Protein chains: 2
Amino acid sequence: MKKIMSSLALLLSMTGAVFAQLPSPTNLGRNPYPQVGPDMRVTFRVNAPQATSLSVSLGKDYPMVKDENGFWTVTSDPQVEGFHYYSLKTGGLTFNDPSVHSYFGTGRDCSAIEVPGAPDEDFYTPHQGVPQGAVRSIRYYSKVCGQYRRMYVYTPAGYEQNPSKRYPVLYLQHGGGEDETGWIYQGFADVILDNLVAEGKAVPMIIVMVSGVAQKADGSGDGFEAMVTEDVIPLIDQRFRTLADRDHRAVAGLSWGAKQAYDLGLGYRNLFSWIGGFSGIIVIGEFRVRPAGYEDPEQFAAAYNGIFKDATWFNANYHLLFIANGEAEGAHLKGMSDLLTERGFNNVFYQSPRTAHEWLTWRRCLKEFAQRLFK
Amino acid sequence: MKKIMSSLALLLSMTGAVFAQLPSPTNLGRNPYPQVGPDMRVTFRVNAPQATSLSVSLGKDYPMVKDENGFWTVTSDPQVEGFHYYSLKTGGLTFNDPSVHSYFGTGRDCSAIEVPGAPDEDFYTPHQGVPQGAVRSIRYYSKVCGQYRRMYVYTPAGYEQNPSKRYPVLYLQHGGGEDETGWIYQGFADVILDNLVAEGKAVPMIIVMVSGVAQKADGSGDGFEAMVTEDVIPLIDQRFRTLADRDHRAVAGLSWGAKQAYDLGLGYRNLFSWIGGFSGIIVIGEFRVRPAGYEDPEQFAAAYNGIFKDATWFNANYHLLFIANGEAEGAHLKGMSDLLTERGFNNVFYQSPRTAHEWLTWRRCLKEFAQRLFK
């Protein structure tokens, strides 16, 4: 019931405080704008006395209006709660709103708003008294890419207090146009795991986040899989107290990162036995909304060196195949899950109520996925 | 000799490679622009077919010129090597260059270039084989500010392999308009310490970086000192294996952060005994280029509850007072140092060759300061 109650109805049922326009949590310092109203509309304001035109690009373009003091403002249509990238536009230029923090997305550091009102936002909110893990930013040299790169590594609360304990590892990928920072700054992965572990709902685990954009040093194309398997996993197993086997190694990702997670999880069966795909597809043949490849027994059986030849083998060897997306994204991933189920391949499907192809969907996916890991 | 050799002369003396235009290390992915030439001029390029005017703001405004394909370009005057913030401007709007990463500075996420060519750039460059420390991003609750905030904590290589060893701590502050990310992303503090420790030139230490912008929860003004002394230091001494006494606790900062470092180091004598001020002043009375306050024996003796009343006591109780700036910043800090010396107060002065009020100066200041700490 709670889940299907609309955010607006929920907000209306809450305290008077929410009737105020609230600054977006992404605002810099104490900037009052952008503001989100109880009707989920976002009001933007930019000071640009000399500008001749200005608009906000949030799903669609909203032309702004200038007042006599040089402040440009516009209020958007109602937004779905969650995290949304946006930009300002003028004269053919797209740029950031100086009022808010930027987040690496859309291929650059990009402005974003957080529309509050999710009935379940507690799960990605820090709470006093909850033991905190740590997120490490590590510069590492990738032989495959021939360059220094940065990864983020989350270690759970207690990691440093228990110097003899070893932990399972989740490799977690961002989406297209994003990088290794996404799951921390947009996704709150560390907060989500801290909260789940404190409630006893998830096993303490290490989470590794690397950028999925990885060109081979020799220019011969995409080096992502080689970088993860040859550079990253060995470094993690050497530097951290991991349980270094496939039974204790998971891979998941969102959107483009889901495709990468399936490629790693299904393509390197000796390395992974837990797989999560959030808002992304398993590519079998030529994928369609109800994938042609899935319909074709030959393509199906040939995919990933025959991983889908034998359901009995698959079910005995993979602990979890988790498929998820947001309700507003449509039914094609449910179709993919149903088809796998029809053919006997165990999988778990999760759908985030109301949300679209954005970070609230993926925070919920991680919450549901993490509770099923390493058990 | 090497230090006073100009970068241009140095570059001309180097391999042919440097005669090419090189992409700025701050460029996103493989973006070719901005490019830095061997003459230290920076060429900017932006694709904006519909824009009617565009300029680059780098110290001064450089109007860009549009070609028939809609690419706007301009080449700057020669720049001093190092890290420089810049912006694009059009019709009264200031915004970021989508070709480069942004860095939190100037009060927002801001574009920046790194002009190579420093004769000593090795010291802030990662080197294979150098054992790496770790940088933790920690969300913490500040009772003083009544909010969750983020701090960065650097632990040296070996911290996790030596679970019984305790370490001294340096509290390190950014400058005005920056935040806790500055010393890692602009300053490479982790790389500098990794390199110094590997060479045996610095003692392994923990470095704590917090945002210096800290309003009290009750709106009663600046809560920075209370936050550091009541929230941050206790958390660090509880969560990390620190040597928790003034003999093993240092504070330093740059520009505005230098003023904060002096306020903490001189104002909380029970907490700190090592102080570093990079490109910033000790405020005694009304500071002038040769500070009036310093000339006035009464103001001098009254400052910081009389910390400068007794040179013998000061020299016996403070291990290090380190004052530094960049050569291009002028002589006033050397004057401050000389005056303290004349009055018998031990201090160390360092000047970064050629550089201005920017991050190469502060990387060098940290390198010189860190080598003198905890010895």
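Residues numbered from 1 in each chain as written. Chains lettered and ligands numbered in written order. Predicted model: local features only at pLDDT ≥ 70, side-chain atom pairs only at ≥ 80, totals over all residues. Heavy atoms only, no water.

1. Concerning the sheet that holds strand β8 (residues 82-85) of chain A
Residues and elements named next belong to chain A. Pairing is antiparallel in the open sheet, where three strands are placed in the order β8-β12-β11. A single partner strand is all that each edge strand has here, and the edge strands are β8 and β11 (102-105). Mean inter-strand twist for the sheet, computed between neighbouring axes without regard to direction, equals 50°. Bridge analysis of β8 against strand β12 (residues 108-115) gives four bridges, and the strand direction is antiparallel. Of the residues in β12, the one forming a bridge with F83 is E114. (Pairing = 2+ DSSP bridges. Helix = DSSP H or I, 4+ residues; strand = E, 2+ residues; numbered from the N terminus. Axes fitted to C-alpha atoms, helices over the stretch in contact; angles between N-to-C directions.)

2. A word on the pairing of strand β18 (residues 320-326) of chain B
Residue and element names in this part refer to chain B. Counted residue by residue, β18 has seven buried out of seven residues, so it is predominantly covered. Burial along β18 is two-sided: the residues L320, F322, A324 and G326 and L321, I323 and N325 are all buried. Two strands pair when backbone bridges link them, and strand β17 (residues 274-278) and β18 are joined in this way by five bridges, in the parallel orientation. Residue pairing for β18: F278 is matched across the bridge by A324. When β18 meets strand β19 (residues 348-352), the two strands line up parallel, connected through five bridges. In the sheet register, G326 faces β19, and the bridge partner there is S352. Note on the crossover from β18 through helix α9 (residues 332-342) to β19: the handedness is right-handed. (Buried < 20%, exposed > 50% of the residue type's maximum accessible area, 1.4 Å probe, protein only. Right-handed = clockwise from strand over helix to strand, strands pointing away.)

3. Some words on the interface of chain A and chain B
Contacts between the two partners involve 49 residues from chain A and, on the opposite side, 50 residues from chain B. Linking chain A with chain B are four salt bridges. At the surface where chain A touches chain B, the tally comes to 24 residue pairs in polar contact (both at pLDDT 80 or more). Broken down by secondary-structure element, the contributors of at least two residues to the side of chain A that touches chain B are β10 (93-95), β11, β12, β13 (134-142), β14 (147-155), α2 (182-185) and α3 (189-198) of chain A. The biggest single contributor to the side of chain A that touches chain B is β13 of chain A, with eight residues. Residues of the side of chain A that touches chain B, tallied by class, amount to 24 nonpolar, 15 polar and ten charged. (Contact = heavy atoms within 4.5 Å. Salt bridge = Lys/Arg side-chain N within 4 Å of Asp/Glu carboxyl O. Polar contact = N/O pair within 3.5 Å; in protein donor to acceptor, adjacent residues only side chain to side chain. Nonpolar A, V, L, I, M, F, W, Y, C, P; charged D, E, K, R; others polar.)

4. Quick word on the packing of helix α4 (residues 224-239) of chain A against helix α5 (residues 256-267) of chain A
All names here are of chain A. The geometry of α4 relative to α5 is characterised by a closest axis approach of 11 Å and an angle of 55° between their N-to-C directions. For the element pair α4 / α5, the angle class is oblique. Where α4 crosses over α5, the handedness of that crossing is right-handed. Along its contact with α4, which presents F224, E225, V228 and T229, the element α5 presents Q260, D263 and L264. Across the contact of α4 with α5, the residue classes tally to three nonpolar, two polar and two charged. (Parallel < 35°, antiparallel > 145°, perpendicular 65-115°, else oblique. Left-handed = near helix turned anticlockwise from the far one by under 90°.)

5. A word on the packing of aromatic side chains
Counted under the stated rule, the structure contains 49 aromatic pairs over all chains. A ring pair is formed by F44 of chain B and Y86 of chain B, whose centres lie 4.8 Å apart and whose planes are at 55°; its orientation type is tilted. Note that F44 of chain B is positioned in strand β3 (residues 41-47) and Y86 of chain B in strand β8 (residues 82-90), a separation of 42 residues in sequence. Owing to a relative accessible area of 1%, F44 of chain B belongs among the buried residues under this scheme. Aromatic pair F278 of chain B and F369 of chain B: ring centres 5.7 Å apart, planes at 75°, arrangement edge-to-face. Here F369 of chain B lies in helix α10 (residues 359-370) and F278 of chain B lies in strand β17, a separation of 91 residues in the sequence. Each member of the pair, F278 of chain B as well as F369 of chain B, is classed as buried. Members of the aromatic cluster, joined through ring pairs, are W183, F278, F322, W359, W362 and F369 of chain A. Over the face of the ring belonging to F71 of chain A we find R45 of chain A, whose NZ or CZ atom lies 4.5 Å from the ring centre. The lysine or arginine in question, R363 of chain A, covers the ring of Y124 of chain A, its NZ or CZ lying 4.6 Å from the ring centre. (Phe/Tyr/Trp six-rings, centres within 6.5 Å; stacked < 30°, edge-to-face > 60°. Lys NZ or Arg CZ within 6 Å of the ring centre and 35° of its normal.)

6. Some thoughts on the domain arrangement of chain A
Residues and elements named next belong to chain A. Each domain of chain A was delimited in the assignment, giving domain 1 (2-117) and domain 2 (122-370). Of the residues lining the interface, 16 residues belong to domain 1; the matching set on domain 2 comes to 17 residues. Each partner contributes to the roughly 1,200 Å² buried at the junction of domain 1 and domain 2, and carbon and sulfur atoms together form 49% of this total. Run the count over domain 1 and domain 2 and you get two salt bridges. (Domains from an automatic or database assignment. Buried area = accessible area lost by both parts, 1.4 Å probe.)

7. Some thoughts on the environment of Y159 of chain A
By the element assignment, Y159 of chain A lies in the loop between β14 and β15 (169-173). For Y159 of chain A, a relative accessible area of 2% corresponds to the buried category. For Y159 of chain A, the contacting residues outside a window of four places in its chain are R136, Y167, I206, R239, F240 and R241 of chain A together with E160 of chain B.

8. Structural notes on the relation of the copies chain A and chain B
Rotating chain A by 180° and translating it 0.0 Å along the rotation axis places it on chain B, where the RMSD comes to 0.0 Å. Taken together, the rotation and translation describe the operation of a two-fold axis. In terms of C-alpha distance to the rotation axis, chain A has R136 of chain A as its closest residue, with the C-alpha 2.1 Å off the axis. Of the interface residues in chain A, 100% have counterparts in chain B that sit at the interface too, so the contact is made through matching surfaces. (Least-squares fit on C-alpha atoms with pLDDT ≥ 70 in both.)

9. Details of the side chain of S111 of chain A
Residues and elements named next belong to chain A. Tracing the backbone shows S111 in strand β12. Look at S111 and you get buried, because its relative accessible area is 1%. Excluding residues that lie within four positions of it along the chain, S111 makes contacts with H84, Y85, Y86, N96, D97, V100, H101 and S102.

10. Some points on the pattern of salt bridges
All chains considered together, the criterion is met by 32 salt bridges over all chains. Residue R150 of chain A is joined to E180 of chain A by a salt bridge in which the shortest nitrogen-to-oxygen separation is 3.0 Å. Here R150 of chain A, found in strand β14, pairs with E180 of chain A, found in the loop between β15 and α2; they are 30 residues apart in sequence, far enough to count as distant. Here the two residues R150 of chain A and E180 of chain A agree in accessibility, since each one is buried. Between K201 of chain A and E199 of chain A there is a salt bridge; the shortest N-O distance is 3.2 Å. When its relative accessible area of 37% is taken as the criterion, K201 of chain A is described as partly exposed. One connected set of salt bridges, linked through shared partners, spans R136 and E160 of chain A together with R136 and E160 of chain B.

11. Focus: the sheet that holds strand β7 (residues 71-78) of chain A
Residues and elements named next belong to chain A. Across the sheet, which stays open at both edges, the five strands sit in the order β1-β2-β3-β7-β6 with antiparallel pairing between neighbours. Taken across any chain shown, the strands that pair with only one partner, and hence form the sheet edges, are β1 (22-23) and β6 (65-66). Here strand β2 (residues 35-36) pairs with strand β3 (residues 41-47) via two bridges, running antiparallel. Paired with V36 across the bridge in β3 is V42.

12. With respect to the environment of V46 of chain A
The residue V46 of chain A is located in strand β3 in this model. The spatial distance from the C-alpha of V46 of chain A to the C-alpha of D61 of chain A is 15 Å, given a sequence separation of 15 residues. Sequence-distant contacts of V46 of chain A, that is, excluding residues within four places in its chain, are made with L54, M64, G70, F71, W72, L88 and D97 of chain A together with L93 of chain B.

13. Structural notes on the pairing of strand β12 (residues 134-142) of chain B
The buried fraction of β12 of chain B amounts to eight of the nine residues, a majority that puts the element mostly inside the structure. Direction of pairing for β13 of chain A relative to β12 of chain B: antiparallel, over a ladder of three bridges. Note on β12 of chain B: the bridge partner recorded for R136 of chain A is R136 of chain B. Relative to strand β13 (residues 147-155) of chain B, β12 of chain B runs antiparallel, the two being bridged by nine bridges. Bridge pairing in β13 of chain B links Y141 of chain B to Y148 of chain B.

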